[in-house]
Amino acid sequence: MSETRTVHVSAPSRPYDVTVGVGLLPRVGAVCRDACGGDTAFVVTDSNVGPLYGDAVERSLAEAGYGTARFTFPAGEASKNPATLFSCLGAMADAGCTRDTTVVALGGGVTGDLAGLAAALYMRGCPVVQVPTSLLAMVDSSVGGKTAVDLPQGKNLVGAFWQPWAVVADVACLETVPGDLLLDSVGEVVKHGVLADPELFGEVTSSPVTARPLDLDRLAAVVARNVEIKRDVVDADERERGLRQTLNLGHTAGHAIEAASGFSLGHGSSVACGLAVVARGCAAEGLTDPAVADAIVAGIEACGLPVTCDASVDEVLALSRSDKKRHGDTVNLVVPVAVGRAEVVPMPFERYAAVVRRGMGG
Ligand SMILES: NC(=O)c1ccc[n+]([C@@H]2O[C@H](COP(=O)([O-])OP(=O)(O)OC[C@H]3O[C@@H](n4cnc5c(N)ncnc54)[C@H](O)[C@@H]3O)[C@@H](O)[C@H]2O)c1
Ligand SMILES: O=C(O)C(=O)C[C@@H](O)[C@H](O)[C@H](O)COP(=O)(O)O
Ligand SMILES: [Zn+2]
């Protein structure tokens, strides 16, 4: 019998539980009943996840007394845009959803971000329960309340903070995730290790968590540890005024690398690559001990994640200009100072450009 772990998030705007374990999908309805009440649920999912898990989740919701409707969009980052968001909102209106309807975000980070934003907007806000099915969504995006869609100008440019009412992470769902997508998610796990937990970093970089057959109990423990790391930051700084900016480690360059690839490189791989670029560049610029940078880059490589990319320095810098951590000419760069600690260092854009140039070997 596998252990079920509960991590409590005490975000000032809304406290909630994150439940992590094996075989939890049949509990989704009961969790929604306890956390949200109401009598209707609207399941948002993508074209890969819906056919796999949509029926099980709707069955559980029906058993808990909910009438259900479902919105399915084409899987992938290309759908994380205002057009899909407004289709989803229109489908909610067509289905007669009210303010008491619980939105159930069933899928990866794209689904969670899109459905979370739809829930924040529909009738000025209705409950959302995150049911993450990718490793990335379990360890990161389902927790903390950031929701968003992309614009052609950049990632996550339209969004809201909207904490979920509950999160249910059933690691058994990871069995159906293709190998390359499962590996991609490890980028955010490595990031959490570098931010806060040298032991986690050592564990996941020395022994792959994505090796088949999957060790679901180990994965559940890894997911719960990542959720605790993120929870500690979100509890302290829900609105990203200070400490939460550290969760963006690797993202200033990473989001640019992701966009420059036309989103063919996954978010986790882009973050891993952005982290490698920043670690090398910060070492070259005297901001990070070179031994720390070497350990980070070696760890990323050991996982099988990229430490270089096809994008040019100019492309990465141009795309970095729309980053949300830029204030005027100042970039708040998250600098890895040790494996287990990062600091936000404000710097002029030109200094950030030097970090990126040197980190990319330019
Ligand atoms: N809100 C946040 O705090 C936050 C944090 C990190 C990342 N993100 C966002 O999350 C997104 C990346 O998330 P992602 O990697 O989960 O992307 P995703 O949602 O596109 O999922 C990746 C792929 O895996 C498939 N998939 C998911 N679960 C599956 C399952 N159990 N079985 C089979 N296929 C499955 C999806 O259909 C998709 O094709 C990016 O848009 C990123 O910006 C948000
Ligand atoms: O939760 C956060 O805070 C994060 O920064 C987590 C990131 O992994 C995530 O990719 C987030 O969506 C990035 O936020 P953004 O504000 O840089 O778009
Ligand atoms: Zn991220």
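Residues numbered from 1 in each chain as written. Chains lettered and ligands numbered in written order. Predicted model: local features only at pLDDT ≥ 70, side-chain atom pairs only at ≥ 80, totals over all residues.

*Asks:* Please clarify how the overall build of the protein should be interpreted in this entry.
*Replies:* Scanning the protein from N- to C-terminus turns up 13 helices and 12 strands. For a compact globule of 362 residues, the expected C-alpha radius of gyration is about 21 Å, and the protein comes in at 20 Å, within 12% of that figure. Considered along the principal axes of its C-alpha atoms, the protein spans approximately 60 × 45 × 35 Å. Counting across all 362 residues of the protein, residues that qualify as buried make up 55%. Here the contacts in the protein between residues at least 6 apart in sequence split such that 74% fall between residues at least 24 apart. (Helix = DSSP H or I, 4+ residues; strand = E, 2+ residues; numbered from the N terminus. Rg over C-alpha atoms; globule rule 2.2 N^0.38 Å. Buried ≥ 20, exposed ≤ 12 C-beta atoms within 10 Å, placed from the backbone. Contact = placed C-beta atoms within 7 Å.)

*Asks:* Sorry, what's going on with the environment of Lys-230 here?
*Replies:* Its place among the elements puts Lys-230 in helix α8 (residues 216-236). On the basis of neighbour counts, which here come to 25 C-beta atoms within 10 Å, the residue Lys-230 falls in the buried class. Separated by 14 residues in the primary sequence, Lys-230 and Arg-244 place their C-alpha atoms 8.8 Å from one another. If we ignore the near neighbours within four places in the chain, the residues touching Lys-230 are Asp-140, Val-143, Gly-144, His-192 and Leu-247.

*Asks:* What is the right way to look at the sheet that holds strand β1 (residues 5-11) in this model?
*Replies:* Hydrogen bonds between backbone atoms are what pair the strands of a sheet, whose relative direction is either parallel or antiparallel. Judged by pairing direction, the sheet is mixed, and its seven strands sit side by side in the order β1-β2-β9-β6-β5-β3-β4 without closing on themselves. Edge strands, defined here as strands with exactly one partner in the open sheet, are β1 and β4 (67-73). Geometrically, the sheet is characterised by an average inter-axis angle of 15 degrees between neighbouring strands, direction not taken into account. Strand direction decides the pairing type here: strand β3 (residues 40-46) and strand β5 (residues 102-107), joined by five bridges, are parallel. Each bridged residue has a counterpart across the sheet, and for Val-43 the counterpart in β5 is Val-104. Docked against the sheet, helix α4 (residues 109-121) engages β3, β5 and β6 (128-132), running at close to 170 degrees with respect to β5. Sitting on the sheet, α8 is in contact with β1, β2 (14-21) and β9 (166-170), with an inclination near 10 degrees to β1. (Pairing = 2+ DSSP bridges. Axes fitted to C-alpha atoms, helices over the stretch in contact; angles between N-to-C directions.)

*Asks:* How do you make sense of the domain arrangement of the protein when you look at a structure like this?
*Replies:* Note: interface size is frequently given as the accessible area lost on complex formation between the parts. Domains assigned within the protein are domain 1 (5-177) and domain 2 (180-359). Domain 1 and domain 2 are separated by 25 Å when their C-alpha centres are compared. Each side of the interface is counted separately: domain 1 has 33 residues, and domain 2 has 29 residues. For the side of domain 1 that touches domain 2, the secondary structure elements donating two or more residues are β1, β2, α5 (135-141) and β8 (154-161). Residues that form the side of domain 1 that touches domain 2 fall into these classes: 20 nonpolar, eight polar and five charged. (Domains from an automatic or database assignment. Nonpolar A, V, L, I, M, F, W, Y, C, P; charged D, E, K, R; others polar.)

*Asks:* It is not clear to me how the sheet that holds strand β11 (residues 330-338) should be interpreted in this structure. Could you clarify?
*Replies:* Across the sheet, three strands lie side by side as β10-β11-β12; this open sheet has antiparallel pairing. The open sheet has two edge strands, β10 (326-327) and β12 (341-348), and neither has a second partner. For β11 and β12, the ladder comprises eight bridges, and the chain directions are antiparallel. Residue pairing across strands places Val-331 opposite Met-347, the latter belonging to β12.

*Asks:* Teacher, can you tell me more about the site of ligand 2 here?
*Replies:* The local shell around ligand 2 consists of Asp-140, Gly-144, Lys-146, Lys-155, Asn-156, Glu-188, Glu-240, Arg-244, Leu-247, Asn-248, His-251 and Lys-324. When grouped by side-chain class, the residues that make up the shell around ligand 2 number one nonpolar, four polar and seven charged. Each of domain 1 (5-177) and domain 2 (180-359) accounts for three or more of the residues forming the shell around ligand 2. (Near = placed C-beta within 6 Å.)

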